[in-house]
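# Structure assessment
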Amino acid sequence: MRKDVEMNRQIQEAMLEVQDVVHRYGNVTALSHVSISAERGEFLTILGSSGSGKTTMLRVISGLETPTSVGKLRIDGQDVAGLPAAKRNCTTVFQNYALFPHMSVIENVAYGLRIRHMNPSDALREARRALAMVQLEAKAERGIRQLSGGERQRVALARAVVTKPAVLLLDEPLGALDERLRQDMQVELKDLQRSLGMTFVYITHSQEEALTMSDRVILMRHGSIVQSGRPLTLFDRPVSRFAADFMGYENILEGRLIARDQESGLIELPGGVQVRGMLAEGAFAPGDGIGLAIRAERIGPADADYPNSVPATVRSRIYRGKYTDVVVDTAAGALRLRSWHGSHAEAEDIARVGWKPADAVIFSRISE
Ligand SMILES: Nc1ncnc2c1ncn2[C@@H]1O[C@H](COP(=O)(O)OP(=O)(O)OP(=O)(O)O)[C@@H](O)[C@H]1O
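Below is a summary of the structure that appears in this document. Since the structure is predicted, the reported quantities are computational estimates derived from the model, not experimental observations.

Our next topic: the sheet that holds strand S21 (residues 360–363). An order of S11-S12-S13-S21-S14 is seen for the 5 strands of this closed barrel, with the pairing classed as mixed. When strand polarity is set aside, the average angle formed by the axes of neighbouring strands in this sheet is 55°. Pairing analysis gives 4 bridges linking strand S11 (residues 251–260) to strand S12 (residues 264–268), with the strands arranged antiparallel. Bridging across to S12, Arg256 finds its partner in Glu268.

Surrounding the ligand, one finds Tyr25, Val28, Ala30, Ser49, Ser50, Gly51, Ser52, Gly53, Lys54, Thr55 and Thr56. One nitrogen or oxygen atom from the side chain of Ser50 is found 2.7 Å from an oxygen atom belonging to the ligand. Within the side chain of Thr56, one N or O atom sits 2.5 Å away from an oxygen atom of the ligand. Bound to the protein, the ligand loses 56% of the 630 Å² it would expose on its own. For the shell around the ligand, the secondary structure elements donating two or more residues are strand S2 (28–39) and helix H2 (54–62). Considering each element in turn, the shell around the ligand owes the most residues, 3 residues, to H2.

One open sheet accounts for 4 strands, arranged S2-S1-S4-S5; its pairing is antiparallel. Only two strands of the sheet have a single neighbouring strand rather than two, namely S2 and strand S5 (78–79). Of the pairings in the sheet, the one linking strand S4 (residues 72–75) to S5 comprises 2 bridges and is antiparallel in character. Note that in S5 the partner of Ile75 across the bridge is Gln78.

Further remarks concern the side chain of Glu42. Note that Glu42 resides in the loop between S2 and strand S3 (43–48). When its relative accessible area of 9% is taken as the criterion, Glu42 is described as buried. In this structure the side chain of Glu42 is engaged in a polar contact, spanning 2.9 Å, whose partner is the backbone nitrogen of Glu39. Within the structure, the side chain of Glu42 is placed 2.8 Å from the side chain of Arg216, a separation counted as a polar contact. Excluding anything up to four places from it in sequence, Glu42 contacts Ser37, Gln193, Met198, Thr199, Phe200, Asp215 and Arg216.

Conventions adopted
Residues numbered from 1 in each chain as written. Predicted model: local features only at pLDDT ≥ 70, side-chain atom pairs only at ≥ 80, totals over all residues. Heavy atoms only, no water. Pairing = 2+ DSSP bridges. Helix = DSSP H or I, 4+ residues; strand = E, 2+ residues; numbered from the N terminus. Axes fitted to C-alpha atoms, helices over the stretch in contact; angles between N-to-C directions. Near = heavy atom within 4 Å. Polar contact = N/O pair within 3.5 Å; in protein donor to acceptor, adjacent residues only side chain to side chain. Areas by Shrake-Rupley, 256 points an atom, 1.4 Å probe, with all protein chains shown as cover. Buried < 20%, exposed > 50% of the residue type's maximum accessible area, 1.4 Å probe, protein only. Contact = heavy atoms within 4.5 Å.

And the structure:
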């Protein structure tokens, strides 16, 4: 086989395959026929609010939970459905780190190798290498209690990657860190994952975290997948009201599709307002009821000849330091605008507002 063909085959290879998993706790359905897969070296994020089933999915993969039913559960090509957690080629990094407080940093990292019967000097050498990767070599001999939250998180990461699992599962690992450190750690984590070429399955309820680090995002709600795709697709093309709301769209309107071409549609909003937007993935036909999502920062004061512009009167203005939030009333309903400091919407009288067709997303699943 040619080298590039072989490499391509390896990149495409699924390291994790979960097919049609159902899990119930009593009468609560935590996972309802969910299928996910991750390729070798992929950073896959499962995103969702509290109770959407993220942790359950991770526990099913790692073997901490036996699912009610599952079609297929494979890690690195191996069927693991019947294997206990300890025999599965994956490791979990937990939010509370689960480090051993009575051991030093390096002993914590070497622990996983020692229980796999690696000889002590090799285990320490490997542990030191892993600590160097997370820039903690200098603190190898310290006790866990002498570390900051961010440092503990790095030790937990080093301890997880040192055993070279086929898949690393991360359960909200940055949840306990403050905002600034969390942002720094997002970059570090992504760099580490890329340099190791390891498959990461990461769960979070933070859309910012998901968009920053992932190659692909799976958005979950009530135990089902709402949408999956590249971060930009979720950000720019939400497929339902829930997805648009979760992705932070401040304006969600309902209307009717009048006409469509390949990528865009003409819609009518309440009050007879006709505007254009881009079609998200989904089934659309003229006459269908649809939703329209527009971010507040993409709407601004506009002249009459601007595309998608509507007469407006200002209802309120709230100055928020870096930006001003403006609410205007239009025939299609109230719209929220966000104008960054220094731009004209801050003070100026607004007679019309408008937005580019490319900044308006039309989705078909309005009731979800
Ligand atoms: N041990 C359990 N017994 C009963 N119900 C449970 C149990 N664990 C989870 N659940 C329920 O299953 C559903 C999914 O929970 P899960 O912990 O997987 O969600 P999650 O998305 O990880 O939420 P969070 O972000 O809060 O951790 C929720 O309705 C939850 O209340």
